[in-house]
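Close look at the chain arrangement
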Amino acid sequence: MNYRTTFILGGIFLALLLLLAVAITIGPENGDQGRALFPELLKATGVDVNPGENIVAIRLERSKPEKQTLVLKREGQGGNWVFEEPFRGTADGFAVNSLVRAVLEGRREEDRDAGAVASQTGLDEPVATVTLTGKDGKDHSLVLGRTVPGATGNIAFVRTSGRGNTSQVVMERDLEPLFRPVGALRERALLGSETDLEQFKLSTGPVGAKPPVALRKAQGVWRYETPSFGLAEPSALPGAGTPQTGPDVGAMLRAIAALRVEQVGERAGERNDFVADGVTDLAAHGLDGSKNRVLRVEVERTAPGRDPRATDKGEAAVGKVALLIALDKAVEKAAEKSGEKARENPAQKPAANAGPFKGYPAMVEGSGSVVLVPSGPVTELLRLLEDPALIRDRAVARLTGDPDWIEIRNGLGRMDLVRTESQGGYQLFRPGMAEGQPVEATAVSGLLESLKNSRGRFVEDQPDKRKELELDRPADKQVAVRLWVGGVEKAAVPGEKKADKKDDKTSAKPARKEIPASAEVILGRRQGEDVALLRVSGKDQAILLAPKSLLDLAEQGPLAYLDRKMPSYAGEGLVGEPALDQVIGVTLSRGAETRTVSRKDKSQPWTFTAPADRAALPVDTQAIRSLLVNLGTLQARKLVAEKPTAPELASQGLEPPALLVTLALAGPEGKALTKTFALGKESGDGGVFARASWVDRVVTVDLSLRSILEAPWENRALFASLDPAKVTRLNLTGWQAINGAPVSLVVEKDKEKWVARDPGNDFPVAQAKVDQLLGSLKGLRFEKVLAYSGGGDPALGLDPAKNGMAIEWTMEGQKDPVRLVLGRGEGAGLAASVSTLPGMAFVVPKAPFEEALQGRGKFRQ
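Being a predicted model, the structure only gives us computed values, none of them experimental.

Moving on, we come to the overall build of the chain. Helix and strand content of the chain: 17 helices and 42 strands. Taken over 861 residues, the chain has a buried fraction of 42%. Counting only contacts in the chain whose residues sit at least 6 apart along the sequence, the fraction spanning at least 24 positions is 62%. Of the accessible surface of the chain, which amounts to about 44,200 Å², a share of 50% is contributed by carbon and sulfur atoms.

Written as structure tokens, this is what we have:
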């Protein structure tokens with residue numbers, strides 16, 4: 001393809017795009033707008049805008065379900081829909097908007113006029129006429145005439161202003177919202193939703209008067225206004241952690257929101273809970289507080305765009321609403337039979353909830369409209385009037401976030417648990433300490449969870465009650481926990497002078513803001529299984545009885561909170577391999593037993609240096625490594641004492657210690673540094689008392705550590721270097737008890753096959769039996785040392801002439817054979833000696849040799 005052809009094709013493509021754009025811009029209406037009953041509204045608003053938003057007034061004249069005229073208007077810019085006829089009242093915005101959409105989004109069934117005369121279409125005597133007024137003051141009307149059967153459902157004749165008042169055909173079902181009962185268009189919620197509420201007040205009277213109860217929300221927290229009970233129990237949230245043990249403010253808010261009209265008679269079997277409008281005689285409905293027992297529920301609510309005072313920007317507005325409930329006029333209605341309603345109006349659907357009803361007449365104050373509300377939420381609210389403390393906050397401590405400063409005072413003094421951004425976790429500070437100590441995170445979380453999850457029972461704060469419960473002690477005598485959320489001052493810049501100090505010294509300890517504690521708990525006397533405490537939250541103070549375990553927690557000293565991970569014996573920052581590399585000697589002392597292994601440096605192998613008779617034994621490197629790793633990563637179960645006294649050490653079995661490990665570490669100028677670790681008595685909780693010389697405190701550690709320290713240090717594998725594939729000759733001598741004198745079996749490898757040399761060629765060798773024996777020798781480990789020198793007791797029978805057995809083998813490139821001699825039985829094992837460890841005697845397992853000991857014939861093919 002040449003350049004000329006390319007340019008021509010490109011020009012044609014651009015021309016097609018231009019024609020398409022013109023067609024879209026000035027072409028005919030799209031099919032949807034062509035069928036619209038009000039195409040001018042769709043053009044004016046565009047496809048992305050709801051044309052119903054431009055409607056500010058509705059007038060609906062209809063002859064069914066009864067002959068009536070409905071007039072609704074919006075209050076304010078984009079505000080609520082309200083009825084002006086046949087009564088004044090708030091409308092259900094969703095239901096009214098559905099009606100508007102049904103009219104504006106209606107579609108004719110054909111792209112042509114119906115062509116029938118008015119007498120045939122019923123448009124001269126319409127069933128309904130609706131007029132919608134836009135923001136621009138223009139009216140848009142729809143007249144609905146006869147309904148006749150169609151191919152896919154009933155069709156109706158309509159005439160709209162948007163189609164030149166010519167008759168059109170629409171599906172009847174599309175205009176069903178025009179005939180909903182008036183109750184279905186009314187607002188059913190009487191006091192708003194629970195999230196709208198900012199304050200509520202309950203009262204009765206003067207007949208049957210109860211002291212009022214009022215609560216208000218401030219910064220998301222509900223508090224009592226009347227009576228002065230302080231915090232209210234907050235709503236339970238999924239996964240919030242704090243257990244709820246009774247009603248909370250959320251239950252009351254939900255009860256208030258449930259004071260609503262439940263049914264409006266729209267479906268078959270439904271009752272109509274809108275009782276009467278324009279009521280002036282309140283006593284006739286039991287709503288006159290001077291003559292009747294009336295519950296008054298007054299609320300302040302904030303709802304964007306739902307209050308006439310809301311601005312165009314949708315800012316929240318606060319409105320007061322009061323609901324009167326006639327407690328003397330309880331209503332009970334049996335379930336209606338849906339069939340009766342269905343016969344009256346076959347078009348009605350069956351009721352979703354047609355069960356029996358219990359409720360009360362009610363009226364939004366000043367509305368003149370009486371409705372029925374269910375009895376359940378009324379009963380819940382009356383509970384609060386009967387017992388104003390019902391939803392009082394019973395939590396020992398209520399926090400809005402995680403505290404960054406916790407102050408604990410008790411008989412052991414004062415300590416501060418402080419969390420800063422630089423440190424991440426908490427650190428413990430005691431008076432006079434410039435630097436904090438690491439804290440065990442689980443200990444702090446345990447304290448906080450106990451404070452937040454514990455619930456109390458209120459005690460009336462009468463005169464002298466605090467003294468009786470020992471809650472008025474001086475600050476230095478108190479057991480108290482104070483918590484601050486956002487209490488830590490911003491960290492000072494290193495070297496920067498502090499303006500409130502006379503000198504220029506800086507401290508690593510954070511400063512606390514001069515603000516009241518977010519929560520404070522002062523603990524007093526024990527009361528059986530409880531402890532009395534004073535809860536302080538801002539200006540609110542209350543006395544409670546709570547589980548005594550809180551006092552046990554608050555009385556703990558610093559050791560309960562310090563990090564239980566012990567530092568490394570090799571020093572700060574040296575853990576893992578660098579720490580192990582520093583150790584050049586390990587000594588274990590237990591009673592009269594002492595054993596020592598040492599090495600010149602990390603590149604040299606470990607060797608026994610004590611006792612002297614073990615020098616020939618190889619050291620189990622993994623056993624020493626396991627010991628050092630465990631000592632270098634110690635995690636205490638419990639911190640017991642700092643700077644313990646001699647009597648304390650003696651009582652814990654640490655002076656003298658039951659077991660002592662001494663580590664020699666490479667030091668400067670070739671001088672070794674010594675560190676010790678002692679184990680004492682068992683602590684009774686699965687642990688054992690311990691003390692490390694590099695940490696001046698007594699702790700308990702897991703009892704399993706003792707087994708690790710006491711494990712054998714010698715390498716018990718006798719023939720680790722044996723390679724069965726490289727063995728060229730095997731000689732077994734023994735079986736005296738079977739043959740009357742020792743006999744031998746000698747086999748040699750000949751072209752990858754074992755061949756007998758003694759006895760002669762008439763002895764075919766069982767190849768697998770020989771390979772099996774060599775494999776057992778490869779993995780053979782001794783179980784016990786019988787003698788470190790001198791060859792052991794002659795009675796051990798380590799001689800083929802004394803019913804023993806000698807096993808010798810030679811490997812490729814090996815000058816001298818290796819010899820194992822088996823002797824008499826020792827328990828479940830056999831006495832043994834090996835040529836590689838002369839003078840020593842051991843106990844080895846018997847199982848690998850049981851078949852070989854039964855006779856030379858076991859090796860015959």
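What follows picks up the thread again.
Take S203: it is sitting in strand β9 (residues 197-204). In this structure, S203 is in contact with P212, V294, L295, R296 and L385, ignoring residues within four places of it in sequence.

On to the sheet that holds strand β42 (residues 841-845). In space, the eight strands of this open sheet follow the order β37-β36-β35-β39-β40-β41-β42-β38, with antiparallel pairing throughout. One side of each edge strand has no neighbouring strand; the edge strands of this open sheet are β37 (753-758) and β38 (784-787). The sheet shows a mean angle of 25° between the axes of neighbouring strands, taken without regard to direction. With three bridges connecting them, β38 and β42 associate as antiparallel partners.

Next up on the list: the sheet that holds strand β4 (residues 89-90). Taken in spatial order, the eight strands make up an open sheet running β4-β3-β2-β1-β5-β6-β7-β8, and their pairing is antiparallel. The open sheet has two edge strands with one neighbour each: β4 and β8 (167-171). In terms of strand pairing, strand β7 (residues 155-160) meets β8 through five bridges, oriented antiparallel. Paired with V158 across the two strands is Q168, which belongs to β8.

When pLDDT drops low, the exact placement of atoms in the prediction is not to be read closely. When pLDDT is averaged along the chain, the result is 86; 88% of the residues meet or exceed 70. Counted against residues more than four places away or in other chains, residues 25-32, with its pLDDT under 50, gives four contacts. Of the regions scoring below 50 in pLDDT, residues 338-347 engages in eight contacts with residues more than four places distant in sequence or in other chains.

Okay, the pattern of salt bridges next. The tally for this structure, following the rule as stated, stands at 53 salt bridges. A salt bridge links R186 to D277; its shortest N-O distance comes to 2.8 Å. Of this pair, R186 sits in the loop between β8 and β9 while D277 sits in the loop between β12 (274-276) and β13 (294-302), and the two are 91 residues apart along the sequence. Judged by relative accessible area, which is 34%, D277 ranks as partly exposed. A salt bridge links E808 to R819; the shortest N-O distance between them is 2.7 Å. With E808 in strand β39 (residues 805-811) and R819 in strand β40 (residues 818-826), this pair connects stretches of sequence that are 11 residues apart. Judged by its relative accessible area of 22%, E808 falls in the partly exposed class.

Among the six residues that make up strand β41 (residues 829-834), six are buried, leaving the element largely enclosed by the rest of the structure. Counting the residues in the hairpin turn of β40 and β41 gives two residues, including G827, whose phi is positive at 65°. Two elements, β41 and β42, share four bridges in a ladder whose sense is antiparallel. By the bridge assignment for β42, G829 is matched with P845. Following β41, the chain reverses through six residues before pairing antiparallel with β42; G839 in that reversal takes a positive phi of roughly 85°.

Here we take up helix α8 (residues 375-386). Its 12 residues place the ends of α8 16 Å apart at the C-alpha level, agreeing with the 16 Å of an ideal helix rising 1.5 Å per residue. Of all the residues in α8, the buried ones are S375, P377, V378, L381, L384 and L385.

Moving on, we come to the packing of aromatic side chains. Centre-to-centre distance and the angle between the planes together describe a pair of aromatic rings. Applying the stated criterion to the full structure yields seven aromatic pairs. Residues F83 and F87 carry aromatic rings whose centres are separated by 4.9 Å and whose planes lie at 40° to one another, so their mutual orientation is tilted. Take F83 and F87: they sit in the same class, and that class is buried. With a centroid separation of 5.3 Å and 70° between ring planes, the pair formed by Y224 and F229 is classed as edge-to-face. Relative accessible area serves as the criterion here: at 24%, F229 is assigned to the partly exposed category. Ring pairing ties together the aromatic residues Y569, F677 and W694, which thus form one cluster. The ring of F179 carries the charged tip of K64 above its face, separated from the ring centre by 4.6 Å. Lying across the ring of W754, K749 places its NZ or CZ 4.7 Å from the centre.

What follows deals with unusual backbone geometry. Here K64 and P65 are connected by a cis peptide whose omega angle stands at 0°. Residue position: P65 is located in the loop between β1 (55-62) and β2 (68-74). Geometrically, the link from A610 to P611 is a cis peptide bond, its omega value of -10° lying close to zero. Assignment of secondary structure puts P611 in the loop between β29 (607-610) and α13 (621-632). You will see that K751, though not glycine, has its phi angle at about 55°, which is positive. On the secondary structure map, K751 appears in the loop between β36 (743-750) and β37.

All right, on to a nonpolar patch on the surface then. On the surface, a nonpolar cluster with roughly 500 Å² of combined accessible area is contributed by I8, L9, I12, L16 and L19. When you line up the elements, L9 lands in helix α1 (residues 3-26).

All right, on to the nonpolar core then. Grouped burial of nonpolar side chains is what soluble globular proteins tend to show. Ranked by internal contacts, the top residues of the largest apolar core, which has 106 residues, are Y569, V586, W809 and L820. Here this core gets five residues from one element, more than from any other, and that element is helix α9 (residues 441-453). For V586, the contacting residues outside a window of four places in its chain are R595, T596, V597, W606, I624, L627, L628, V661, T662, L663 and W713. Residues F200, Y224, V264 and Y360 belong to the second largest nonpolar core, which totals 37 residues.

So, about the environment of L631. Inspection of the secondary structure puts L631 in helix α13. Assessed through its relative accessible area of 0%, L631 is described here as buried. Placed 46 residues apart in sequence, L631 and F677 show a C-alpha to C-alpha distance of 8.2 Å. Setting aside residues no more than four positions away along its own chain, L631 makes contact with Y569, V661, L663, F677, W694 and L709.

With that settled, the discussion passes to the environment of K217. Within the secondary structure, K217 sits in strand β10 (residues 210-218). With 17 residues separating them along the chain, K217 and F200 place their C-alpha atoms 9.1 Å apart. With residues near it in sequence (within four places) discarded, K217 still touches T195, L197, E198 and W222.

Right, let's talk about the environment of K465 for a bit. Considering the arrangement of structural elements, one finds K465 in helix α10 (residues 465-468). Sequence separation of K465 and I543 is 78 residues, and the distance between their C-alpha atoms is 9.0 Å. Sequence-distant contacts of K465, that is, excluding residues within four places in its chain, are made with V459, E460 and I543.

Taking burial as the measure, the nine residues of helix α6 (residues 249-257) include eight buried ones, the bulk of the element. Of all the residues in α6, the buried ones are V249, G250, A251, M252, L253, A255, I256 and A257. Buried residues in α6 make contact with β9, β10, β11 (221-226), β13 and α8. Where α6 begins, the capping side chain belongs to D248, and its oxygen is found 2.9 Å from the backbone nitrogen of G250.

Reading the values: the criteria
Residues numbered from 1 in each chain as written. Predicted model: local features only at pLDDT ≥ 70, side-chain atom pairs only at ≥ 80, totals over all residues. Heavy atoms only, no water. Helix = DSSP H or I, 4+ residues; strand = E, 2+ residues; numbered from the N terminus. Buried < 20%, exposed > 50% of the residue type's maximum accessible area, 1.4 Å probe, protein only. Contact = heavy atoms within 4.5 Å. Areas by Shrake-Rupley, 256 points an atom, 1.4 Å probe, with all protein chains shown as cover. Pairing = 2+ DSSP bridges. Axes fitted to C-alpha atoms, helices over the stretch in contact; angles between N-to-C directions. pLDDT = per-residue confidence, 0-100. Salt bridge = Lys/Arg side-chain N within 4 Å of Asp/Glu carboxyl O. Expected span 1.5 Å × (residues − 1). Phe/Tyr/Trp six-rings, centres within 6.5 Å; stacked < 30°, edge-to-face > 60°. Lys NZ or Arg CZ within 6 Å of the ring centre and 35° of its normal. Patch = residues over 30% accessible without salt bridge, like charges linked within 9 Å, V, L, I, M, F, W, Y side chains within 5 Å. Core = buried A, V, L, I, M, F, W, Y, C linked by side-chain atoms within 4.5 Å. Polar contact = N/O pair within 3.5 Å; in protein donor to acceptor, adjacent residues only side chain to side chain.

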